[in-house]
Amino acid sequence: KSTTYFLLAQNQCGSVSDTMNVTVNRIEATVGPSSVVCAFDTLEVFAEGGTYYKWTPPEDFSHPDSAGTRLIPKPGRVYSVMVSDENGCADSDTLLLNTYKAGFVNAGPDQFIVFGEPVKLFGIADPGRVKWISDRWLSCDTCLQTNSYTDTTAFFVLKLVDKNGCEYADTMKVQLEGSLYLPN
């Protein structure tokens, strides 16, 4: 918005006048989207209203100096952006974001087994739906404790979908110990 000011100065010696045009640049930062997200999910966020952008805390953003960037939110953090223009005018806004607490899932420690012995899986997880994922046979793929067999190194992933629909997973590795003797 521009405004013109008129100045008139007078004294016993006479008068002088001048005009001054003042332009006020107003900047208004806007961020989005407001959302509820799962911990450690990636969220595309954006800001507008200026030329330069600075997101904080910067370590949680893929490009903290861009209008649009990816955010990996962490529970309990407050995210904001400072928006400015080439005239040095600035404004800030806060991203309204609720991050669900991270779910807990643990597939158990890596194991070494003797060839032919069963693999005993003892998972631990927060309440929700669990599922073991493996290319090996499982006695129960939706039970925290289950059995399997393997004749080679294998990986077992325990996946949890919690009450908020958030997904978390943990992997454990099973290796064979010892050697196998095959006579001629």
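Scroll up for the structure.
These notes cover the structure that comes with them. Please read all numbers here as calculations on a predicted model, not as lab measurements.

**Here's the deal with the overall build of the chain**
Logical step 1: Within the chain, the secondary structure is distributed over zero helices and 18 strands.
Logical step 2: For 184 residues, the compact-globule estimate of 2.2 N^0.38 gives 16 Å, and the C-alpha radius of gyration of the chain, at 31 Å, exceeds that figure by more than 25%.
Logical step 3: On the principal axes, the C-alpha backbone points of the chain span a range of 120 × 40 × 20 Å.
Logical step 4: Within the chain, counting contacts between residues at least 6 apart in sequence, those at least 24 apart form 49% of the total.
Logical step 5: Accessible surface, the chain: about 12,100 Å² in total, of which carbon and sulfur atoms supply 53%.
Logical step 6: Of the side-chain charges in the chain, 14 are positive and 22 negative, and the distance between the mean point of each set is 5 Å.

**A word on the state of the cysteines**
Logical step 1: Counting across every chain of the model gives two disulfides.
Logical step 2: Two residues share a disulfide in this structure: Cys38 and Cys166, whose sulfurs sit 1.9 Å from each other. Around the S-S axis, the bridge from Cys38 to Cys166 shows a dihedral of about -85° and counts as left-handed. Taken together, the residues span a long stretch of sequence, with Cys38 in the loop between strand E4 (35–37) and strand E5 (43–48) and Cys166 in the loop between strand E17 (154–161) and strand E18 (167–177) at a distance of 128 residues.

**Side note on the sheet that holds E17**
Logical step 1: Strand order in this open sheet of four strands is E12-E18-E17-E15, and the pairing throughout is mixed. What marks the edges here is a single partner per strand, and that holds for strand E12 (111–114) and strand E15 (129–133). Geometrically, the sheet is characterised by an average inter-axis angle of 25° between neighbouring strands, direction not taken into account.
Logical step 2: Relative to E17, E15 runs antiparallel, the two being bridged by five bridges. Note on E17: the bridge partner recorded for Lys131 is Lys159.

**Overview of the environment of Gln111**
Logical step 1: Tracing the backbone shows Gln111 in strand E12.
Logical step 2: Residue classification places Gln111 among the buried positions, given a relative accessible area of 19%.

**Details of the nonpolar core**
Logical step 1: With 18 residues, the main nonpolar core has Leu121, Trp132 and Phe156 as its most contacted residues.
Logical step 2: In terms of residue count, the dominant contributor to this core is E17 (four residues).
Logical step 3: Counting residues in hydrophobic clusters, the runner-up holds 16 residues, among them Ala47, Tyr53, Leu71 and Leu95.

**Some details on unusual backbone geometry**
Logical step 1: Pro57 follows Thr56 through a cis peptide bond whose omega is -5°.
Logical step 2: Mapped onto the fold, Pro57 is located in the loop between strand E6 (52–56) and strand E7 (68–71).
Logical step 3: The backbone of Phe40 sits at a positive phi, close to 70°, despite the residue not being glycine.
Logical step 4: Tracing the backbone through its elements, the reader meets Phe40 in the loop between E4 and E5.

**Some words on the pairing of E18**
Logical step 1: As defined by bridge partners, E12 adjoins E18 across four bridges and the pair is classed as parallel. From the neighbouring strand, Gln111 faces E18, where its bridge partner is Val174.
Logical step 2: Alignment of E17 against E18, held across eight bridges, turns out to be antiparallel. Paired with Phe155 across the two strands is Lys173, which belongs to E18.
Logical step 3: In sequence, E17 turns back onto E18 through a hairpin of five residues, with Gly165 there showing a positive phi of about 85°.

Calculation notes
Residues numbered from 1 in each chain as written. Predicted model: local features only at pLDDT ≥ 70, side-chain atom pairs only at ≥ 80, totals over all residues. Heavy atoms only, no water. Helix = DSSP H or I, 4+ residues; strand = E, 2+ residues; numbered from the N terminus. Rg over C-alpha atoms; globule rule 2.2 N^0.38 Å. Contact = heavy atoms within 4.5 Å. Areas by Shrake-Rupley, 256 points an atom, 1.4 Å probe, with all protein chains shown as cover. Lys, Arg positive; Asp, Glu negative; His and termini not counted. Charge placed at Lys NZ, Arg CZ, Asp CG, Glu CD. Disulfide = S-S within 2.5 Å. Pairing = 2+ DSSP bridges. Axes fitted to C-alpha atoms, helices over the stretch in contact; angles between N-to-C directions. Buried < 20%, exposed > 50% of the residue type's maximum accessible area, 1.4 Å probe, protein only. Core = buried A, V, L, I, M, F, W, Y, C linked by side-chain atoms within 4.5 Å.

These figures come from the coordinates and say nothing about function on their own.
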